[in-house]
Amino acid sequence: MSLPVKCFQVDDLQVRTYNSEPEMSEDAAKIAGEYIVQCLQQRDKIALLLATGKSQLKFLDNLISFGGIDWSSIIIFHLDEYLGISPENPASFRYYLTENVEKRVWPQQFEYIKGNALEPISECERYSNLLKNQPIDLCLLGVGENGHLAFNDPDVANFDDPALVKIVKLDETNRQQQVKTGHFPNLESVPQYAFTVTIPMICTAKKIMCLAPETRKAKIVKEVLYGDISSQCPASILRRQPQASLFLDLNSAREISLESSNT
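Each chain has its residues counted from 1, following the order in which its sequence is written. Restriction of local features to residues with pLDDT of at least 70 applies here, the model being predicted, together with a cutoff of 80 or more for giving and counting side-chain atom pairs; totals for whole chains, interfaces and linings are based on all residues. Only heavy atoms go into the side-chain values, all of them from the structure, while hydrogens and water stay out.

Caption draft 1: Structural detail: the packing of helix α1 (residues 21-42) against helix α2 (residues 54-64). Helix axes are fitted only over the stretch in contact, all axes being lines through C-alpha atoms; the angle between N-to-C directions runs from 0 to 180 degrees. The secondary structure listing takes helices from DSSP runs of H or I that are at least 4 residues long and strands from runs of E that are at least 2 residues long, numbered from the N terminus. Where α1 contacts α2, the axes come no closer than 8 Å and their chain directions differ by 55°. In terms of orientation, α1 and α2 fall into the oblique class. Note on packing geometry: the crossing formed by α1 with α2 is right-handed. Here Glu21, Pro22, Ser25, Glu26, Ala28, Ala29, Ala32, Gly33 and Ile36 of α1 lie close against α2, whose contacting residues are Lys54, Ser55, Lys58, Phe59, Asn62 and Leu63. Classifying every residue of the contact of α1 with α2 by side-chain character gives seven nonpolar, four polar and four charged. Angular relationships are summarised with four words: roughly parallel below 35 degrees, roughly antiparallel beyond 145, roughly perpendicular across 65 to 115, and oblique for the angles in between. The crossing is said to be left-handed when, going from far helix to near helix, the turn is anticlockwise and less than a right angle, and right-handed when the turn is clockwise. Here, residues are in contact when the closest pair of their heavy atoms is within 4.5 Å. Under the scheme applied here, ten amino acids are nonpolar (Ala, Val, Leu, Ile, Met, Phe, Trp, Tyr, Cys and Pro), four are charged (Asp, Glu, Lys and Arg), and all others, including Gly, are polar.

Next comes the structure, spelled out in structure tokens:
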């Protein structure tokens, strides 16, 4: 059984730290799985809002293996997608989620953002309407190296955004991260614009679980937890969300003092 080595709270945000990323992913999946089963015992249909990226892969494997989840009663949405990319492109988030989730669990519905929509503004409206009509029971997040949630980079994040879904220009730190994680061969090949679910929409979720393992996330984790709550570090908004939990491993927690954290 994988258990955290330290649990503490910063403002309203619960933080759980584990010895390793596999242990973090295993326990996070157990928590998510038990919550999903509990929700399905109360309602005929629930909705998940999923992230993509390397930080989610082990977690998704563990969640799918959890057992006892009636995926036919679940609607799935996702957080973001590159503008102009086709679902057949291995770098697209639709491709990632189709291969890593949909083909493995066959949910009731998987509502994708259509990155290659011919009318992107209309696509924002279409997806916003879907989200308006389906409350999110569980939102899964990662944190970007610039503190972004979904594609809400510091220059475009808005804690009071009136939109639910919008088109944004990606900053260079974000685009370079996509290269470093192997999604694109070079910076020039990374799309400059993307669709994203906004910060206020994310915060409507009844439960939020944010996974941020690896040494490359250590600097931003410290900023998220102990810097100003500001759109210049979008993930800092989680400190105002009592329904949110941040999951770390010892590598991503290396710049914070676990000894002095509140238990």
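Caption draft 2: Examining the packing of α2 against helix α3 (residues 93-105) more closely. Running from N to C, α2 and α3 point in directions that differ by 5°, and their axes come no closer than 11 Å. In terms of axis orientation, α2 runs roughly parallel to α3. Here Gln56, Leu57, Leu60, Asp61 and Ile64 of α2 come into contact with α3, specifically with Tyr96, Asn100, Val101, Arg104 and Val105. Grouping the amino acids of the contact of α2 with α3 by side-chain chemistry returns six nonpolar, two polar and two charged.

Caption draft 3: A look at α3. Compared with the 18 Å implied by 1.5 Å per residue over 13 residues, the 17 Å span of α3 between its first and last C-alpha is a close match. In α3, a bend of some 40° at Glu99 exceeds every other bend along the element. Along α3, the residues that are buried comprise Phe93, Arg94, Tyr96, Leu97, Thr98, Val101, Glu102 and Val105. Where α3 is buried, its residues contact β3 (46-50), α2, β4 (74-78), β5 (80-82) and β6 (109-111). Here the expected length of a helix is defined as 1.5 Å per residue gap, with one fewer gap than residues. Note that the bend at a residue is defined as the angle between axes fitted to the seven residues ending at it and the seven residues starting at it. Relative accessibility under 20% of the residue-type maximum defines a buried residue, over 50% an exposed one, and the middle range a partly exposed one, all with a 1.4 Å probe and only protein chains included.

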